[in-house]
Amino acid sequence: MRELPLTTPLFEILGARAPLLRRFEKIGIRTAGDLLRHFPSRYEDFSKIYPIAELEPGQQATIQAAIEEIKLRRTRRGFAVVEAELSDESGTIRAIWFNQPYIANTLRAGRIANFSGKVSLSEESELYFNGPAYEILKPDKEGRSTESTHTARLVPVYPETKGLTSRGIRYAVRMVLKRNPEFKEWIPAPVLARYGLPEVHKAVQAVHFPGHLEDALAAQKRFAFENLFLLQLFNVEQKLKLSRETAPAIPVDIGQVKAILAELPFELTPSQKKSLWEIIQDLEKTLPMNRLLQGDVGSGKTIVAAMAAILAAARGYQAAFMAPTEILARQHFETLKKLFGSIASAEQPAFGLLTSGGAKMVYENDLEANIKKPEFQKKVAKGEIKIVIGTHALIQEAVTFNNLGLIIVDEQHRFGVRQRAALLRERGAGGRSPGKLIPHFLSMSATPIPRTLMLTVFGDLDLSLITELPSGRKPIETRIIAPLERQKAYDFVRSEIEAGRQAFVICPRIEEQTPASDIRQTSDAGTATLRLGNQLDLKSVKAEYEKLSKKIFPDLNIAMLHGQMKPREKETVMREFKDKKSDILVATSVVEVGVDVPNATVMMIEGADRFGLAQLYQFRGRVGRGTHQSYCLLMSEKPGEMAEQRLQAILKAKNGFELAEYDLKLRGPGEFFGTVQTGFPDELMQALQNPDLVKESREAAAAIVKPDPLLRQNAALREKLSEFRKKVHQE
Ligand code: ADP
Ligand code: MG
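Computed from a predicted structure; not experimentally measured.

Cut-offs used in this document
Residue indices begin from 1 for each chain and proceed along its sequence in written order. Each chain gets a letter, beginning with A, and each ligand a number, beginning with 1, in the order they are written. Where local features are concerned, this predicted model is filtered to residues with pLDDT of at least 70; where side-chain atom pairs are given and counted, the filter is 80 or more; whole-chain, interface and lining totals use all residues. Side-chain measures were taken over the full set of non-hydrogen atoms in the model, leaving aside hydrogen atoms and water. Comment: elements are numbered from the N terminus, with helices defined as DSSP H or I runs of at least four residues and strands as E runs of at least two. Note on exposure labels: buried denotes an accessible area under 20% of the residue type's maximum, exposed denotes more than 50%, and partly exposed covers the range between, all computed with a 1.4 Å probe on protein chains only. Here, two residues are considered to be in contact whenever any of their heavy atoms come within 4.5 Å of each other. The accessible surface values rely on the Shrake-Rupley method and a 1.4 Å probe; as for residues, cover is taken only from the protein chains in view. Whether two strands pair depends on DSSP finding at least two bridges between them. Here a residue is considered near a molecule or strand provided that any single heavy atom belonging to it is located within 4 Å of it. Definition of a polar contact: a pair of N or O atoms within 3.5 Å, with one able to donate and the other able to accept a hydrogen when the atoms are protein atoms, and with sequence-neighbouring residues admitted only if both atoms are side-chain atoms. When residues are grouped by polarity, Ala, Val, Leu, Ile, Met, Phe, Trp, Tyr, Cys and Pro land in nonpolar, Asp, Glu, Lys and Arg in charged, and all others, Gly among them, in polar. Grouping buried Ala, Val, Leu, Ile, Met, Phe, Trp, Tyr and Cys residues that are joined through side-chain atoms within 4.5 Å yields what is termed a nonpolar core. What marks off one domain from the next here is an automatic or database domain assignment. Axis definition: a line fitted to C-alpha atoms, over the contacting stretch in the case of helices. Angles run 0 to 180 degrees between N-to-C directions.

J.: Please provide a residue-by-residue account of the overall build of the protein, values included.
T.: Looking only at helices and strands, one finds 25 helices and 26 strands in the protein. When each of the 731 residues of the protein is scored for burial, the buried share is 52%. Pairs at least 24 apart in sequence give 72% of the contacts found in the protein among residues at least 6 apart. Counting every atom, the protein has about 34500 Å² of accessible surface; 50% of that belongs to carbon and sulfur.

J.: Give a detailed account of the pairing of strand β16 (residues 404–409), specifying residues and quantitative values.
T.: Among the six residues of β16, six are classified as buried, and the element is accordingly described as predominantly covered. Where strand β11 (residues 318–322) lies against β16, five bridges are found, and the strand directions are parallel. In the strand pairing of β16, Q318 is matched with L404. Of the strand pairs in this sheet, β16 and strand β17 (residues 440–445) are connected by four bridges, and their pairing is parallel. Considered in β17, the bridge of I408 is made with L442.

J.: Could you give me a rundown of the site of ligand 1, with the residues and numbers involved?
T.: Surrounding ligand 1, one finds 16 residues, the nearest of these being E267, G298, K301, T302 and R473. In this structure, Q272 approaches ligand 1 through a side-chain N or O atom, which is 2.8 Å from a nitrogen atom. Between R625 and ligand 1, the recorded distance is 3.4 Å, taken from a side-chain N or O atom to an oxygen atom. Computed on the free molecule, ligand 1 has an accessible area of 570 Å², of which 81% lies beneath the protein chains in the complex. Among the residues making up the shell around ligand 1, the classes are represented as four nonpolar, six polar and six charged.

J.: Give a description of the nonpolar core that names residues and reports values.
T.: If you look at the biggest cluster of nonpolar residues, it comprises 76 residues, and the most contacted ones within it are F340, L406 and I605. Sort the elements by how many residues they give to this core and helix α11 (residues 301–314) lands first, with 11 residues. Each of two domains, domain 3 (254–285 + 300–445) and domain 4 (477–671), supplies a minimum of three residues to this core. Those residues within four positions of F340 in sequence are excluded, and the remaining contacts are I260, L264, I303, A306, M307, I310 and F351. Core analysis: the next-biggest nonpolar cluster, separate from the first, contains 31 residues, A18, L35, V176 and A216 among them.

J.: Give me the sheet that holds strand β23 (residues 558–561): which residues, what numbers.
T.: A sheet is described by the order of its strands in space; here six strands give the open sequence β19-β26-β25-β20-β24-β23, paired in parallel fashion. In the strand order of this sheet, the two ends are held by β19 (477–481) and β23, each with one partner. When the angles between neighbouring strand axes are averaged without regard to direction, this sheet yields 20°. Looking at chain direction, strand β20 (residues 502–506) and strand β25 (residues 600–605) are connected through five bridges and run parallel. Along β25, the bridge assignment pairs A503 with V602. Strands β20, β23, β24 (584–587) and β25 of the sheet are contacted by helix α19 (residues 567–578), whose axis makes an angle of about 140° with β23.

Printed below as a string of structure tokens:
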């Protein structure tokens, strides 16, 4: 049979009028290939066919039976009930389906079919099947179907969306597989052999319709490996590319470093010193630095990065310092001005700030002036402004530098992978004229991801970790608040505000959910199971804002911040909070990561059970930045053992990474990765849950690239990698 290209649109396979088409489209499945990449989330074992006489209550089983009788009736309230009597040589049993009247037409008396489902016991102590999955068999000689899809086997169960059942998906997948889809193996054979991975077409078959569970698991392993392997290749390749480039060697005068540090109002922490030292060593080399400075919120990354900028400027090089938001850019500008204003005049490196809103510069001590953008651009191009702080505007407005020696990017993950790519281009990595220098690169992030995983995701970067907070910070008093203590907590917030402080209130979601959207049909077999999501009582920013500003604190200024607001609105709200124009800020987890509001002393977290530990820890890090005692109130819906365990973890943890690892163990990868934003595809994040696989994929990638850096011997792999590159850049 001719092979079916994976790009074949589904309508060519299912028929243009198949109702399934639209439902698939809704979840982004359009081609044969898309569909085959929609993997089951689990399998139900219906592989053994039981005689009816051997069925027991509570059992999940498959029978093969003749339909003796089938009828549709309606209850007094109008529900459709289909009832059938099924028989085999050993006995008879009843089956019942709710709300699926059409079954009375599909399953006719006299037919033979497989039925899979749960055996229940009725009030009259009779066994019956409650909403079994069924599959009509074309009776062959033995009366058995050779190729069952829904029953009598390991049955795949897919993640379902409204209107799209596992049954429907199985049907469609089967249709595609029958047409002999075309798979190209691109993982080199030795790699497959070495790590025990099935070949692609076998894996696709096995992941959807496994003969044995082991086959399914091996197939899943292969698909997880695919993603990691590509990412590792991507990383190795980036690193290799960079190693062929040359950066300016920036000699650092250690005496000068000491002198500058001596002027600071505090001493650097040990890991700040270590990180700075690592950066200095990189700067002095011609191999372009490509380093990630990772540390909790408040751990003092800015000063370390700023030092690097100052040192580059001291040798006549320019440095660009990019922040994800205007307010953060301004904050950095102010920090540098405060800390290094005096140095600025001595060495004459002026600081400049460029945002979409405008430009300004510092030329002496703390003398600063607004200047017109074109003039700013000119000064940068001539190399007169040494340290240029800014937002995206730095990229968007195509600032040209005279001799850029260092690029610093704060909260790197928030720029997304695409901007990172744009930056690299800016930097000139890859395919340029020989002899041109490219700047060193330093990025900063506070996203707490377990270390091993971070090495994978940011595997092309070297890593400097700040593992402790500056000493002298007062520990933040952290408490779990039970539902009954809510009023007391509000009274406490009020007392803090009356003392002149401010408070954050964090909520798990933006809007109240309508109950209807949370009721869903969960059973594949069609039982009318309605599950009421326990999400109904999740606090929302909008409702909480209403409640606090109208009922609880009508006399105070309450502001609101969430991800649906325009960047400009967010900036304004944040700035006003920083300027103390509002007392309480109700926000989702988007509340600006790096913004310093030293006057805020209360962090109240609604639905604290819903957040990951690392996330709670990060929220908490937003208070306690000033001289006042600060508090973190964890509003718990279900105070108890689990809550206690989590609290202890937060109280004891030395840093965010430690918590991230613990969190991963405690909640499992699904929920953990649900909360971390890296800019990488979800499936990749899921694959990261397996540390062994991470290791294997690293090994495999290194073994391939070392002898063959350009993948000349591996055309299929090369092609796949360029697809992956495109995908990553589109995210
Ligand atoms: P982040 O790592 O979250 O970006 P910042 O760089 O904004 O943290 O630092 C948080 C605060 O801690 C700033 O006010 C900064 O001046 C201060 N800080 C930084 N390093 C130290 C230190 N070693 N000792 C005391 N305070 C410090
Ligand atoms: Mg910061």
